[in-house]
Amino acid sequence: MMAAVSAGRAVRVAVVGCWLASGLTQLWQLATRVFAQAGAPHALEVPGEQPERVLAILDACRALVRGPVVLGIAGPGDPTQLFLHYRLAYELYPVRVASESGPDALAKLSARGAEFVLVMGGSDAAPPDARIVARPAPGDVLLRR
Amino acid sequence: LIPSELAMVLLGLASGYAAAGPAAGRDRWYRVGLAWPLGAGFLALLVLLLPGDSRGLARVGWVLCWLVAAALAVAALVRSLPARPEADTPLPGGGSRFLWSAMLAVVVVEIVVLAASVVLDPRLTDWDAWAIWGMKARAFAAERSVDPYLRRVDWYEFSWPDRPCLPSLVAAAVALPGGEPHDGAIRTVHLLWFASLLVLFQRALRRVLPPGLAMVYTAALATTPNLAYHATAGLGNLPLGCYLFASLDALDRWRRAGAPGLVVTAAVLCGCAALTRDEGIVLVAVLLACLALQWARLRARGALVALTAAAIASVAGYGAWRAGLAGRETVWSLWLERGTLARLGLHWPDASRVVSMIAGELFSPAEQMEASPLEQRLGLAVFWPAFLATTVAGLPALKRHSLAGPAAAVTAVGLLAFSGGLWLFPYQDLADLAQNWAFALDRHLVALAPMAACAIACSHGGPFADSAISPDQMNSGGAGA
């Protein structure tokens, strides 16, 4: 009986020791990272291999799109487009953001009342009913109807 | 925090501190621990009751009627509770003062470092934090009401409109004077939930463990990697964990000490838990069911009345959010549809791989939540294996323990429920399940982590580690005193 109690105690001490040791190494890692990264550029979780392109698009939309309008995004339907859909809706509220992909994306966005349209990776030419207001990155244009 | 945000935070803290008085009695630190969870609930209610425009009046009317009816029902139930004069006393002090001080220093340093991380880079980086919780907070604060967002949910489906979202409501309340919630303010209010959780956890353990041991486990909880990540990430999991643990603790305190204010406090905390996330109301139901079973064994007087009051409040909290979404399906419909049982058989051939996938998530160092260097070196997460080892080893004692028993039971049922949810999920293939859903386990389990930690702590040290102690001693506030 006493041996069982001692063994139980040993297991408990080992468990809490390991738990606390893990926690202390976490604290050291956190402190090192926090103070080492002070002043470093912000590391937003941008998907894809061209974060600078995405950040340039965000900057352009921040500067030009405001108010209760609809911003459409026409693109390839990849994670970068998904990110921009969510991020622009978050940053530009009350701007409403719609996202479409495929050959009829522009028509669908038009049907949803998009006043601004961000065309990702498309041609540099504007459709007849819109004008280009910004070219945030090569191949990306921001249109206004 | 800008001055207007700081003023709103202080308003929340002050109102919570005042409201916690009847429950906390002479335990000043317990009152401090309750101040933000309760105050945040009041701030969330403030935003829920703002109509914004005339079209929002109907929703506010419904919510108000709903909450007043629930409050009257809870008050009537609490008045019928038997008065019990005995006092809940913490265990006597003593032991190593050095150990206590060293562990307190660890807790303080953890909070200071987390606060520094917010000050040095206040922005939200986690996708879910800004796309779900931040999105709602921004919409509520900009419109000074939840109604415009609720009327345009089709545009914001990605932010899970059906989910109750107390943290977003609180962030919006803090930003009401300024009109725009800053990422740093959102992260700061989450840090307040984290700090409150640690205070409540320490005070709960202090009733069953000596000071040094209670502080050791508090330090271990404070530095648990996944929890530390959630402390400022801006997600709703940590506030839910705080509310669930605080509810359990308040109800256990009431069973021991009998102050009616504790039942009212527990009811408010349960309501807040149900308003925090969609799984909140289910976890509250599990918690109340586990307490009912434990209290039936202990023949606690008035147990059914107290638990009913908490249940009414939790339904009221959930309903206060759903009032604005009448007609829309809940997120639970996915698991309540007919095909769910069919998927049980359909996924049976995947059983072993689904189980190993879930075990892999629980036992592997969490990449996204920044595992500790020790975990990375070991290639093994520490927390959940520790819970498993200690609950198995300490099962006989846990079954009799009024605080740790329900805590362990809720954790175990929650683990099974989240795992079962993955099994029954309509996944396309196992790769889809692993890539898109299994990783979410690490997040959801944060809500259970404080209770799991409580079970580990109570089964480790103090009088409950000794098999010689009687059940009566274990279940009285003065055990070992």
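Residues numbered from 1 in each chain as written. Chains lettered and ligands numbered in written order. Predicted model: local features only at pLDDT ≥ 70, side-chain atom pairs only at ≥ 80, totals over all residues. Heavy atoms only, no water.

(A) Main features of the overall build of chain B. Across its full length, chain B carries 26 helices and zero strands. Taken over the C-alpha trace, chain B has a radius of gyration of 22 Å; the compact-globule value for 481 residues is 23 Å, and the two agree within 12%. With the C-alpha coordinates of chain B rotated into their principal frame, the extents come out at 65 × 55 × 50 Å. For chain B, restricting intrachain contacts to residue pairs at least 6 apart in sequence, the fraction spanning at least 24 positions comes to 81%. (Helix = DSSP H or I, 4+ residues; strand = E, 2+ residues; numbered from the N terminus. Rg over C-alpha atoms; globule rule 2.2 N^0.38 Å. Contact = heavy atoms within 4.5 Å.)

(B) Structural context of the overall build of chain A. The helix and strand tally for chain A stands at four helices and five strands. The secondary structure elements of chain A, listed N-terminal to C-terminal, are α-α-β-α-β-α-β-β-β. Within the span of chain A, comprising 145 residues, buried residues form 44% of the whole. In chain A, the proportion of contacts linking residues at least 24 apart, taken out of those at least 6 apart, comes to 63%. Summed over all atoms, the accessible surface of chain A reaches about 7200 Å², with 61% contributed by carbon and sulfur. (Buried < 20%, exposed > 50% of the residue type's maximum accessible area, 1.4 Å probe, protein only. Areas by Shrake-Rupley, 256 points an atom, 1.4 Å probe, with all protein chains shown as cover.)

(C) Representation of the pairing of strand β1 (residues 70–75) of chain A. Residue and element names in this part refer to chain A. For β1, a buried count of six out of six residues is recorded, marking the element as mostly surrounded by other parts of the structure. The two faces of β1 match: Val 70, Gly 72 and Ala 74 on one face and Leu 71, Ile 73 and Gly 75 on the other face are all buried. Note: β1 against strand β2 (residues 96–101), six bridges, orientation parallel. Paired with Ala 74 across the strands is Glu 100, a residue of β2. Following the chain from β1 across helix α3 (residues 79–92) to the adjacent parallel β2, one finds a crossover that is right-handed. Of the pairings in the sheet, the one linking β1 to strand β3 (residues 116–119) comprises four bridges and is parallel in character. When the sheet's bridge partners are listed, Ala 74 is paired in β3 with Val 119. (Pairing = 2+ DSSP bridges. Right-handed = clockwise from strand over helix to strand, strands pointing away.)

(D) Geometry of helix α4 (residues 57–79) of chain B. All names here are of chain B. With 23 residues, α4 should cover 33 Å at 1.5 Å per step; its first-to-last C-alpha distance of 32 Å lies within 8% of that length. What α4 keeps buried is the set Arg 59, Val 60, Val 63, Ala 70, Val 74 and Val 78. Those residues of α4 that are buried are in contact with α3 (28–48), α7 (147–151), α13 (260–276) and α15 (303–322). (Expected span 1.5 Å × (residues − 1).)

(E) Representation of the packing of helix α20 (residues 383–393) of chain B against helix α22 (residues 404–424) of chain B within the structure. Residue and element names in this part refer to chain B. The N-to-C vectors of α20 and α22 enclose an angle of 125°; their axes lie 12 Å apart at closest approach. The pairing of α20 with α22 is recorded here as oblique in orientation. Handedness of the crossing formed by α20 with α22: left-handed. For the pair α20 and α22, the contacting residues are Trp 384, Phe 387 and Thr 391 in the first and Ala 408, Thr 411, Ala 412 and Leu 415 in the second. A class-by-class count of the residues in the contact of α20 with α22 yields five nonpolar, two polar and no charged. (Axes fitted to C-alpha atoms, helices over the stretch in contact; angles between N-to-C directions. Parallel < 35°, antiparallel > 145°, perpendicular 65-115°, else oblique. Left-handed = near helix turned anticlockwise from the far one by under 90°. Nonpolar A, V, L, I, M, F, W, Y, C, P; charged D, E, K, R; others polar.)

(F) Just unusual backbone geometry, in detail. For the bond running from Tyr 93 of chain A to Pro 94 of chain A, omega is 15°, close enough to zero to count as cis. Note that Pro 94 of chain A resides in the loop between α3 and β2. Backbone geometry at Arg 144 of chain B places phi at a positive 55°, although glycine is not the residue there. Note on placement: Arg 144 of chain B falls in the loop between α6 (127–143) and α7. For Arg 144 of chain B, a relative accessible area of 38% puts it in the partly exposed group.

(G) Highlighting the interface of chain A and chain B. Listed as interface residues are 45 residues of chain A and, on the opposing side, 57 residues of chain B. The contact between chain A and chain B buries some 4500 Å² in all, and 68% of this surface belongs to carbon and sulfur atoms. Its largest share of buried area at the contact with chain B, chain A owes to Trp 19, Tyr 90 and Tyr 93 of chain A, together 22% of the area lost on that side. Counting across the interface, chain A meets chain B through 10 residue pairs in polar contact (both at pLDDT 80 or more). Of all the elements in the fold, those that place two or more residues in the side of chain A that touches chain B are α1 (2–36), α3 and β2 of chain A. Among the elements that line the side of chain A that touches chain B, the one with the most residues is α1 of chain A, at 21 residues. (Buried area = accessible area lost by both parts, 1.4 Å probe. Polar contact = N/O pair within 3.5 Å; in protein donor to acceptor, adjacent residues only side chain to side chain.)

(H) Up close: the sheet that holds β3 of chain A. Residue and element names in this part refer to chain A. With mixed pairing, the five strands of this open sheet are ordered in space as β2-β1-β3-β5-β4. Either end of the sheet is taken by a strand with one partner, and the two such strands are β2 and β4 (131–137). With direction set aside, neighbouring strand axes in the sheet form an average angle of 20°. Across the sheet, helix α2 (residues 51–64) is in contact with β1, β3, β4 and β5 (140–144); its angle to β4 comes to roughly 145°. The strands that α3 touches are β1, β2 and β3; relative to β1, the one it contacts most, it runs at about 170°.

(I) Structural view of the packing of α3 of chain B against helix α8 (residues 166–175) of chain B. Residues and elements named next belong to chain B. Between α3 and α8, the shortest axis-to-axis distance is 8 Å and the interhelical angle comes to 80°. By the angle class used here, α3 and α8 are roughly perpendicular. Contacts between α3 and α8 involve Trp 36, Ala 40, Gly 41, Leu 43, Ala 44, Val 47 and Leu 48 on the former and, on the latter, Leu 166, Leu 169, Val 170, Ala 172, Ala 173 and Val 174. Of the residues belonging to the contact of α3 with α8, the class tally is 12 nonpolar, one polar and no charged.

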